[in-house]
Amino acid sequence: MRVLGVDPGLTRCGVGVVEGVAGRPLTMLGVGVVRTAADDEIGLRLVGIERGIEEWLDRFSPELVAVERVFSQHNVRTVMGTAQASAVAMLCASRRGIPVALHTPSEVKAAVTGSGRADKAQVGAMVTRLLRLSAPPKPADAADALALAICHIWRAPAQNRLQQAVAENRLQQAVARQAAAVKGRTR
């Protein structure tokens, strides 16, 4: 599985591509940051992020895009910018028919480090170890993007089994309701 991880941000949008399957060594194919100038108009910044994400999609052809789920922070302005960058990444992937998965920061930290409260340095150190890199990717946004991709690759099999079980349960319930309705009409 090839996953593009996106750590959304208006000034620095981390991007990283990881390939592999759960239980096997993973390979980093690329890592970087899409940057925009803080003094540019918001529309221009979003277009810049779109162009950057599109370049990564063209270059690496991921099977899935994993984006950090925006969570509530005290700084509303930061949340808005992060949400806007996140939406651009989801739009770029969806426009191409590439599935998008959202993961919370604590999910990613727990998957990569074993603790949902890990700090940026711990995440960077584990990404370095897991991908057998010589040094942690810089800036931290780039390491976070790789961590998102790793998280999804590791969690996807379990999530797929859970989604399949939920779908099967819903189907069984629908069949049971239909059978009950038919039985009620024949009386």
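For the structure itself, look to the data block above.
This text gives an overview of the structure that appears in the document. (Residues numbered from 1 in each chain as written. Predicted model: local features only at pLDDT ≥ 70, side-chain atom pairs only at ≥ 80, totals over all residues. Heavy atoms only, no water.)

1. Observations concerning the overall build of the chain
Regarding its fold elements, the chain presents five helices and five strands. Walking the chain from its N terminus toward its C terminus, one meets helices and strands in the order β-β-β-α-β-α-β-α-α-α. Dimensions along the principal axes, computed over C-alpha positions, put the chain at roughly 70 × 40 × 35 Å. Buried residues in the chain amount to 38% of all 187 residues. The long-range fraction of contacts in the chain, counting pairs at least 24 apart against all pairs at least 6 apart in sequence, stands at 62%. In the form shown here, the chain has an accessible surface area of approximately 10,600 Å², with 53% of it arising from carbon and sulfur atoms. Looking at the chain, you have 24 positive and 16 negative side-chain charges, and the mean spots of the two groups are 11 Å apart. (Helix = DSSP H or I, 4+ residues; strand = E, 2+ residues; numbered from the N terminus. Buried < 20%, exposed > 50% of the residue type's maximum accessible area, 1.4 Å probe, protein only. Contact = heavy atoms within 4.5 Å. Areas by Shrake-Rupley, 256 points an atom, 1.4 Å probe, with all protein chains shown as cover. Lys, Arg positive; Asp, Glu negative; His and termini not counted. Charge placed at Lys NZ, Arg CZ, Asp CG, Glu CD.)

2. Structural notes on the packing of aromatic side chains
Scanning all chains against the criterion turns up one aromatic pair. With centroids separated by 5.1 Å and ring planes inclined at 25°, the aromatic side chains of W56 and F60 adopt a geometry described as stacked. Here W56 and its partner F60 are both found in helix α1 (residues 42-60), four residues apart, which amounts to about one turn of the helix. Pair check on accessibility: W56 and F60 agree, each one buried. (Phe/Tyr/Trp six-rings, centres within 6.5 Å; stacked < 30°, edge-to-face > 60°.)

3. Some remarks on the pattern of salt bridges
Taken as a whole and judged by the stated rule, the model has eight salt bridges. Two residues, D141 and R12, come together in a salt bridge whose shortest N-O distance is 2.6 Å. With D141 in helix α5 (residues 140-185) and R12 in strand β2 (residues 12-19), this residue pair connects regions lying 129 residues apart in the sequence. A residue is classified by how much of its surface remains accessible, and D141, at 11% relative accessible area, is buried. The class of R12 is partly exposed, set by a relative accessible area of 36%. Counted as one network, the salt bridges with shared partners bring together E50, E54, D58, R95 and R96. (Salt bridge = Lys/Arg side-chain N within 4 Å of Asp/Glu carboxyl O.)

4. What to know about α1
The end-to-end C-alpha separation of α1 is 27 Å, in line with the 27 Å expected for 19 residues at 1.5 Å each. Within α1, burial applies to R45, I49, G52, I53, E54, W56, L57 and F60. On the buried face of α1, the contacting elements are β1 (2-7), β2, β3 (27-35), β4 (64-68) and α2 (76-95). Two residues or fewer after α1 comes S61, characterised by a positive phi angle close to 45°. (Expected span 1.5 Å × (residues − 1).)

5. A few points about the environment of A156
With respect to the helices, strands and loops of the structure, A156 is situated in helix α5. The class for A156 is buried, based on a relative accessible area of 4%. The sequence separation of A156 and A101 amounts to 55 residues, and the corresponding C-alpha distance is 9.3 Å.

6. Digging into the packing of helix α3 (residues 105-113) against helix α4 (residues 120-130)
Following both chains from N to C, one finds α3 and α4 inclined at 50°, their axes separated by 9 Å at the closest point. Regarding the angle of α3 to α4, the classification is oblique. Between α3 and α4 lies a crossing whose hand is left-handed. Every residue of α4 that contacts α3 at K109, V112 and T113 is listed here: Q122, V123, M126, V127 and L130. By residue class, the composition of the contact of α3 with α4 is five nonpolar, two polar and one charged. (Axes fitted to C-alpha atoms, helices over the stretch in contact; angles between N-to-C directions. Parallel < 35°, antiparallel > 145°, perpendicular 65-115°, else oblique. Left-handed = near helix turned anticlockwise from the far one by under 90°. Nonpolar A, V, L, I, M, F, W, Y, C, P; charged D, E, K, R; others polar.)

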